[in-house]
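One letter stands for each residue in the lines below.
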Amino acid sequence: MSIKDLLVMSVPVKNLQGKRVLITGAGSGIGKATALAAARDGAALVLTDIAAENLDETVAEVKRADGKILFHRAGDVSDYEWVRRFAQQVDAEVGVMDVVMNIAGVSAWGTVENLEHRHWKKMVDVNLMGPIHIIECFVPQIVRRGRGGHLVNVSSAAGLLALPWHAAYSASKFGIRGVSEVLRMDLRRHKIGVSLVCPGGVDTPLVGTVDIAGLDRDNPVIQREIGHFHKVAVSPEKAAEAILTGIRKNQFMVYTSFDIRFGYFVARKFALPYEIVMRIANNRFDQLARISGRNLEDLAAPSDSNSSSSTTRQKG
């Protein structure tokens, strides 16, 4: 390998025109927005999502916009046997991918005393093992073909920073970050680029469905905080454009907003200020939990004026 090869890598996928592109999680959020954007750029799409109805809606939208769908099938990327069969079908009917995008993901937050084993397992099964299954079943073909390609893995701000209550989620997102950093080096000799997408707040359906262990999502205080998140979150479309730009420029780190880029810079360069900010954030989350808990207790406890009738109803 020459000195030039060590320093510079030519862009493997300069545009998506006519390229075969696999996208997981294409039924909603960033996955759907990326599918629509890639179709506008001329990609020929292979799509999957665990929700069949949502996936069908995305396929219909792509077709209405004169986009090209090569293959689509609903399934669970955390199920290795399903992914293996899916890959065999795609290989037989479509051929080798040019771009593989691991976008499907789920989220759960909570403190260690509130998180259950199912939370930890689901995060790792879907967010880490899901992409690994896709990589196992689709990337070796790109290597053997020898014409290069591109791999996109979606991590998170929680894959870069110690966000409060994100231990289970971060386990999966730090994991896919590690996988991506190694594959970036391993696949370079095969002219396969790797992008690690680290979104901050993105206004997707995941925000409304995230499982927050030990917290009442319907509590007005929590609802206000979620409302604040929606105000600062970027759109899925903006995140999708960042992903496609990352492919066209062969960028490894892809940010969807400046705040995460800045936060990661601070974490690496200024350890103590970063720790102080994270402690403040953690205290804020703890305060929210206490407020939510108090409100729940207030709702559960009968007042003096109606305690008798309440007891009667409970007995009845």
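Below you will find a few notes about this structure.

How each quantity is defined
Residues numbered from 1 in each chain as written. Predicted model: local features only at pLDDT ≥ 70, side-chain atom pairs only at ≥ 80, totals over all residues. Heavy atoms only, no water. Helix = DSSP H or I, 4+ residues; strand = E, 2+ residues; numbered from the N terminus. Contact = heavy atoms within 4.5 Å. Areas by Shrake-Rupley, 256 points an atom, 1.4 Å probe, with all protein chains shown as cover. Buried < 20%, exposed > 50% of the residue type's maximum accessible area, 1.4 Å probe, protein only. Polar contact = N/O pair within 3.5 Å; in protein donor to acceptor, adjacent residues only side chain to side chain. Patch = residues over 30% accessible without salt bridge, like charges linked within 9 Å, V, L, I, M, F, W, Y side chains within 5 Å. Salt bridge = Lys/Arg side-chain N within 4 Å of Asp/Glu carboxyl O. Pairing = 2+ DSSP bridges. Right-handed = clockwise from strand over helix to strand, strands pointing away.

1. Side note on the overall build of the chain
Thought 1: Within the chain, the secondary structure is distributed over 12 helices and 9 strands.
Thought 2: Counted over contacts in the chain with a minimum sequence separation of 6, partners at least 24 positions apart contribute 73%.
Thought 3: Within the structure as shown, the chain displays about 16100 Å² of accessible surface, and the carbon and sulfur contribution to it stands at 54%.

2. With respect to the side chain of Gln-141
Thought 1: Mapped onto the elements, Gln-141 comes out in helix 5 (residues 117-145).
Thought 2: Overall, Gln-141 belongs to the buried group, its relative accessible area being 11%.
Thought 3: Separated by 2.9 Å, the side chains of Gln-141 and Asp-91 make a polar contact.
Thought 4: Apart from the residues lying within four places of it in its own chain, the contact partners of Gln-141 are Asp-91 and Val-96.

3. Brief notes about a nonpolar patch on the surface
Thought 1: A contiguous nonpolar patch, built from Ile-3, Leu-6, Leu-7 and Val-8 and spanning about 450 Å² of accessible area, is present on the exposed surface.
Thought 2: Position of Ile-3 among the secondary structure elements: in helix 1 (residues 3-7).
Thought 3: Residue Ile-3 is classed as exposed on the basis of its relative accessible area, which comes to 61%.

4. Concerning the pairing of strand 3 (residues 68-74)
Thought 1: As defined by bridge partners, strand 2 (residues 44-49) adjoins strand 3 across 6 bridges and the pair is classed as parallel. Among the inter-strand pairings, Leu-45 is bridged to a residue of strand 3, identified as Ile-69.

5. Quick notes on the pairing of strand 1 (residues 20-24)
Thought 1: The buried fraction of strand 1 is high, at 4 of 5 residues.
Thought 2: In terms of strand pairing, strand 1 meets strand 2 through 5 bridges, oriented parallel. If you follow Thr-24 over to strand 2, its bridge partner there is Thr-48.
Thought 3: One crossover worth recording links strand 1 to the parallel strand 2 by way of helix 2 (residues 29-40), and it is right-handed.

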